[in-house]
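# Chain and residue survey
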Amino acid sequence: MKKRIIILLALCLLLCACQKQDGAPESADKLPTVISQAEYVEYQNLFFNKQADSFVGQHVTKTGTLVLLEDNWANVTRYYVWGYYDQTKCCDWQWEFVPKDPDDLPPAGSLVEMTGTLEHDEAALDKYWYTGAEVSVKTRYAGESCDVDLSLMDGTLERVQLLNLLHAPERYNGKTVRLYGRVQTTTSIQHPYYDNVWSLQFTTDGAVPATGVCVMVTGTWQDGVLTNATVTETKDY
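In what follows, the accompanying structure is described. Given the structure is predicted, the values throughout are model-derived calculations rather than measurements. (Residues numbered from 1 in each chain as written. Predicted model: local features only at pLDDT ≥ 70, side-chain atom pairs only at ≥ 80, totals over all residues. Heavy atoms only, no water.)

## Details of the overall build of the chain
In terms of regular secondary structure, the chain is built from three helices and 12 strands. Taking all 237 residues of the chain together, the buried fraction comes to 41%. Counted over contacts in the chain with a minimum sequence separation of 6, partners at least 24 positions apart contribute 64%. Accessible surface for the chain amounts to roughly 12600 Å². Of this, 52% is attributable to carbon and sulfur atoms. (Helix = DSSP H or I, 4+ residues; strand = E, 2+ residues; numbered from the N terminus. Buried < 20%, exposed > 50% of the residue type's maximum accessible area, 1.4 Å probe, protein only. Contact = heavy atoms within 4.5 Å. Areas by Shrake-Rupley, 256 points an atom, 1.4 Å probe, with all protein chains shown as cover.)

Okay, here's the thing in C-alpha cells:
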C-alpha cells in the first residue's frame, strides 16, 4: 500500500512537470525588462523617419511588456506592448494594438507575445496600431495591484498616462495610484531619467530618500496630488 502511494505521488509530480512544460506561463512579481534595439529602430523608422508605408499590412509578432493606458480625451482604454532600447532604460518603444478579446488579457505588467497586422487608423493614438491582435502570455505579472499603476509603463507611456490623470483629476479622486520616478523634493517626484519632463506632488508621513534616488510612490489620488503616500526606494525598474 505504501509503495502504491509513493508511485501515485511520483506520477502526480511528473504530470505537474509535464503540464508546466506544455506552455503554462510562469508568474513573477517583478516587472520584466524587455530589451530590443531592433524594435526601437523600427519604431523610430515608422514614426519619425516616415517609413510607415513599408510596415503597413505586415502581420508580425512583438514581444514586450503589456500595459493598459486610460485615454481620458478619447474615453477609451489603449493597449500596448513595450520595451527599452538598452539597459540604460532612457530610450523606449511601444506598439499600440487592438486585442481580439480584452477580457482574455493577462494582468498589466505581464511579459507577452502580441501578433497582429499593422494598420493606419486615425483612432490610434499615434495613427498606427496592430489590429486583430492575439496575445499569448510568457510570464504573468503577479505583483501587487492598485487602481492606476503607472509603474508598469515605460517612461513615455507613464508621461502620457500622467497627462490624462491631470486632465481629469476628479475622475480618479479616491483611487490608489502608483508612480515610478526620482525624488525631486521631500514632497515631489519627477521623471526617472530627464529633468523638466514631468513632476508630481505627494504628501507622506513617512521618510523620503535623498534627491535623485529612484523610488516607487503609492498613494491616494486627490485633485492631482498623491496623498497619504508611501515612498519606497527601488532598483527593480
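Structure's up, so let's keep going.
## Examining the nonpolar core
One finds Leu46, Trp95 and Phe97 to be the most contacted residues of the largest nonpolar core, which totals 20 residues. Ranked by the residues each element gives to this core, the list is headed by strand S5 (residues 111-120), at four residues. Counting residues in hydrophobic clusters, the runner-up holds 18 residues, among them Tyr172, Leu179, Val183 and Ala229. (Core = buried A, V, L, I, M, F, W, Y, C linked by side-chain atoms within 4.5 Å.)

## Some remarks on the environment of Gln87
For Gln87, the location among the structural elements is in the loop between strand S3 (76-84) and strand S4 (92-99). Among the residues examined, Gln87 registers a relative accessible area of 60% and is labelled exposed. Separated by 53 residues in sequence, Gln87 and Val34 place their C-alpha atoms 9.1 Å apart.

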